[in-house]
Amino acid sequence: MLHRHARAAGAAVAAAGALLVAGLSGSASAGVRPVPPTAPGAARTMRTADAPPALLRAMRRDLGLTAPQARHRLVNEAEAGATAGRLRVALGARFAGAWVRGAESGTLAVATTDARDAAAIRARGARAVVVRHSLASLDAAKGRLDRAAGRHATTDTPVWYVDVRTNALVVQAVRPAAVRPLLAAAGVDPALVRSVKSAERPRPLYDLRGGDAYYIDGSTRCSIGFPVTRGTQQGFASAGHCGRAGSTTTGANRVAQGTFQASVFPGNDMSWVATDGNWTATPYVNGSSAQVTGSTQATVGASVCRSGSTTGWHCGTVQQLNSSVTYQEGTVSGVTRTSVCAEPGDSGGSFISGSQAQGVTSGGSGDCTSGGTTFFQPVNPILQSYGLTLKTTASGPGDPGDPGNPGGTWSAGTVYQAGDTVTYGGAGNRCLQGHQAQPGWEPPNVPALWQRV
């Protein structure tokens, strides 16, 4: 966590169908339901064509891409996420994770614990990887580590996460000898774990529009994550370490702005601020043409970009989901580990993939001169915990029109996780990718997000 005190204070893409991962929208395989031929593609659902120019420029700089490669990458990542979601449903308990690779994210790999699934995975255009441990078993082991962190010192083992690419629970250790006592305290089988020696000691990145500066109690500076609403109340989501409930905020222009309504840190790193009537929530990041159209979670290996009030736009890739990191103040779990750099004052700022909100900057190590690692608190748990609605542009790819009264349990504004089931119009549907539902994203309209069951 990096503090930035007040006295130190100082983004068009090609059509969605331009390039798809070979075979990702091909014929269905055993256990995977086909997508209706008239249904909108995942890239259209995720509105990759709305990625802001500033984000695309940062992708070119930080990922070494040409402009066409950056546009193609976003399309491929959207399609890969939808395919991975369908395969996750089909494989069930045998699913062991998915990730993309290549300059344009042109290859999707899907892991399974059963070699008999390989043909079905390849039939969807993905590379099949047969591994020993399921994602569920690795996540369960990580959960035991998370719980043990509350009663066992983890300052010498500050980071742990499930790495689907190596099929292991990875523990980063400043002092490798500290790993075994932690595993023993958590009751985790060492066979599931890979220990990595690292000198990193992450810290939260202290110091509002997504990426804009705001000041807390006239002292420290942070960055707005994403504008939100709660009923008629407007505000924004940010990092929990930026302020406590009751702390007051002023905007980048030093005008009175709002008050922290809720905050959690450590454990998680989330908060939300209710603003006064002079402030209006918008679906923009950094006050440019960067627009937020949803909150669909990106796949491991996917590009992700961050906007903060200190360093502006920087990009990298999603390294691991559901990571845990120990700061001086305590352990934070459920964060996403990335290769994006950040510096003091960037805390709370927006992480976004294409036009999909991902989370708010938490902390990390390194800087934007030498490079570094940064963690973000995913945005969907913030929305769910506080009953917030992400401020987005117009509705999704479907035309909500007048849906009449189709009936069912699906509801706009609800945060859904992969595997959740709802009914809509008399039919059952299973969620393929985590997201907050919004008008136009009814299950029949978005096969990238929902599969009929």
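Residues numbered from 1 in each chain as written. Predicted model: local features only at pLDDT ≥ 70, side-chain atom pairs only at ≥ 80, totals over all residues. Heavy atoms only, no water.

Structural notes on the overall build of the protein chain
The line we're drawing: Only DSSP runs of H or I reaching four residues or more are called helices, and only runs of E reaching two or more are called strands; each is numbered from the N terminus. Here the term buried applies to any residue with accessible area under 20% of the maximum for its type, exposed to any over 50%, and partly exposed to those in between, with areas from a 1.4 Å probe on protein chains only. Each accessible area is a Shrake-Rupley result for a 1.4 Å probe, and residues are judged covered by the shown protein chains and nothing else.
Of the regular secondary structure elements, the protein chain holds seven helices and 28 strands. Looking at the protein chain residue by residue over its 453 residues, the buried ones come to 57%. Counting every atom, the protein chain has about 16500 Å² of accessible surface; 49% of that belongs to carbon and sulfur.

Focus on the pattern of salt bridges
Applied cut-off: The term salt bridge refers to a side-chain nitrogen of Lys or Arg lying within 4 Å of a carboxyl oxygen of Asp or Glu.
Following the criterion strictly, the structure yields 11 salt bridges and no others. In this structure, the salt-bridge partner of Asp163 is Arg194, at a minimum N-O distance of 3.3 Å. One end of the pair, Asp163, is in strand 4 (residues 159-163); the other, Arg194, is in strand 6 (residues 193-197), with 31 residues separating them in the sequence. Residue classification places Asp163 among the buried residues on the basis of a relative accessible area of 7%. Residue Arg194 is classed as partly exposed on the basis of its relative accessible area, which comes to 33%. As a salt-bridge pair, Asp346 and Arg306 come within 3.4 Å of each other at their nearest N and O atoms. Of this pair, Asp346 sits in the loop between strand 19 (330-338) and strand 20 (350-353) while Arg306 sits in strand 17 (residues 303-308), and the two are 40 residues apart along the sequence. The buried category is assigned to Asp346, whose relative accessible area is 0%. Each of the salt bridges in this network shares a partner with another, and the network as a whole consists of Asp156, Arg175 and Arg201.

Brief notes about the sheet that holds strand 1 (residues 95-101)
Across a sheet, paired strands are connected by hydrogen bonds in the backbone, their directions being either parallel or antiparallel. Basically, it comes down to this: The criterion for strand pairing is that DSSP finds at least two bridges linking the strands in question. Fitted lines through C-alpha atoms serve as axes, helices being fitted only where they are in contact, and the angles separating the N-to-C directions of these axes extend from 0 to 180 degrees. Residues count as neighbours in contact if any of their non-hydrogen atoms are within 4.5 Å of one another.
The three strands lie next to each other as 1-2-3, forming an open sheet whose pairing is mixed. Lying at the two open borders of the sheet, with one neighbouring strand each, are strand 1 and strand 3 (127-130). Taken pair by pair, the neighbouring strands of this sheet meet at an average axis angle of 20 degrees, ignoring direction. Alignment of strand 1 against strand 2 (residues 107-112), held across five bridges, turns out to be antiparallel. By the bridge assignment, Ala98 is partnered in strand 2 with Val110. The strands touched by helix 3 (residues 67-91) are strand 1 and strand 2; relative to strand 2, the strand with the most contacts, the crossing angle is about 15 degrees.

Focus: the sheet that holds strand 25 (residues 421-424)
With antiparallel pairing, three strands are arranged side by side in an open sheet as 25-26-28. Unpaired on one side and paired on the other, strand 25 and strand 28 (450-452) mark the two borders of the sheet. When the angles between neighbouring strand axes are averaged without regard to direction, this sheet yields 35 degrees. Direction of pairing for strand 26 (residues 427-431) relative to strand 28: antiparallel, over a ladder of three bridges. What sits directly across from Asn429, in strand 28, is Arg452.

Focus on the nonpolar core
Short version of the rule: To define a nonpolar core, start from buried Ala, Val, Leu, Ile, Met, Phe, Trp, Tyr and Cys residues and group those joined through side-chain atoms within 4.5 Å.
Formed by 44 residues in total, the largest nonpolar core has its most connected members in Trp99, Leu108, Val110, Leu145, Leu169, Val188 and Val193. Of all elements in the fold, only helix 3, strand 1, strand 2, helix 5 (135-148), strand 4, strand 5 (168-173) and helix 6 (179-186) reach the threshold of two or more residues within this core. Those residues in contact with Val110, other than ones at most four positions away along the chain, are Leu87, Leu91, Phe95, Gly97, Ala98, Ile121, Ala126, Arg127, Ala128 and Val129.

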